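As a plain string of letters, each chain reads:
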Amino acid sequence: LSHTEAVGRLGAGIQVISTGRDTNGNYCSDKTLSTCTSLEGMKLETIDAINNFNVLCRQANPNCSVTITGGTEIGHTAGDNSHAAGYKFDASYGNTEFNNYVIRLITTQNRISETQNIQSNQTYRIRLNNGRNIDVRYETNPSHWDFRVI
């Protein structure tokens with residue numbers, strides 16, 4: 001998929017943002033720049049998982065939404081199930097409703113007490129209602145959610 005095709009498949013309310021900007025001051029999607037967010041080459045399964053995640057999140061809270069901050073652009077660790085291979089995406093930690101939804105899935109499905117903190121840089125597996133498994137990590141530098149669709 002091209003970046004434009006992938007973005008066109010994203011559901012309502014899902015944003016794709018980057019720390020970098022193009023010459024017009026807009027978010028950039030150049031896969032060769034680590035400050036851009038590119039969805040070029042992202043797997044359809046990953047796009048479907050993002051959409052499913054967004055629908056479930058919005059059902060739980062209408063203010064909940066997915067903001068993608070990392071895709072297939074350079075700057076991520078390489079590997080078979082990596083960002084570059086189209087299996088991973090990063091999501092912003094800036095939406096309280098989204099954070100609460102992710103934390104609720106992690107604590108419920110991994111049988112973690114709600115009084116325990118989600119550990120940074122530890123992988124947790126969650127299952128979406130369509131049967132798709134996703135590994136999720138809370139990364140601290142910078143703060144974001146790292147998702148791997150499996």
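On a predicted model such as this, the values are computed, not experimentally measured, just so you know.

Colleague: What am I meant to see in the pattern of salt bridges here?
Modeller: Side chains bearing opposite charge may pair, as long as their charged atoms lie close to each other. Within this structure, the stated rule accounts for four salt bridges. When the shortest N-O distance is used, the salt bridge between Lys-88 and Asp-146 registers 2.8 Å. In this pair, Lys-88 sits in strand 3 (residues 88-92) while Asp-146 sits in strand 6 (residues 143-149), placing the two residues 58 residues apart along the sequence. When sorted by exposure, Lys-88 lands in the same class as Asp-146, which is buried. A salt bridge links Arg-148 to Asp-135; its shortest N-O distance comes to 2.4 Å.

Colleague: Which parts of the structure should I look at to understand the pairing of strand 3?
Modeller: The side chains of a regular strand alternate between both faces of the sheet. With respect to burial, strand 3 is a largely interior element, four of its five residues being buried. With five bridges joining them, strand 3 and strand 6 adopt antiparallel strand pairing. Its bridge partner being in strand 6, Lys-88 is matched across the sheet by Arg-148.

Parameters and conventions
Residues numbered from 1 in each chain as written. Predicted model: local features only at pLDDT ≥ 70, side-chain atom pairs only at ≥ 80, totals over all residues. Heavy atoms only, no water. Salt bridge = Lys/Arg side-chain N within 4 Å of Asp/Glu carboxyl O. Helix = DSSP H or I, 4+ residues; strand = E, 2+ residues; numbered from the N terminus. Buried < 20%, exposed > 50% of the residue type's maximum accessible area, 1.4 Å probe, protein only. Pairing = 2+ DSSP bridges.

Remember, this is a structural readout, not a statement about activity or role.
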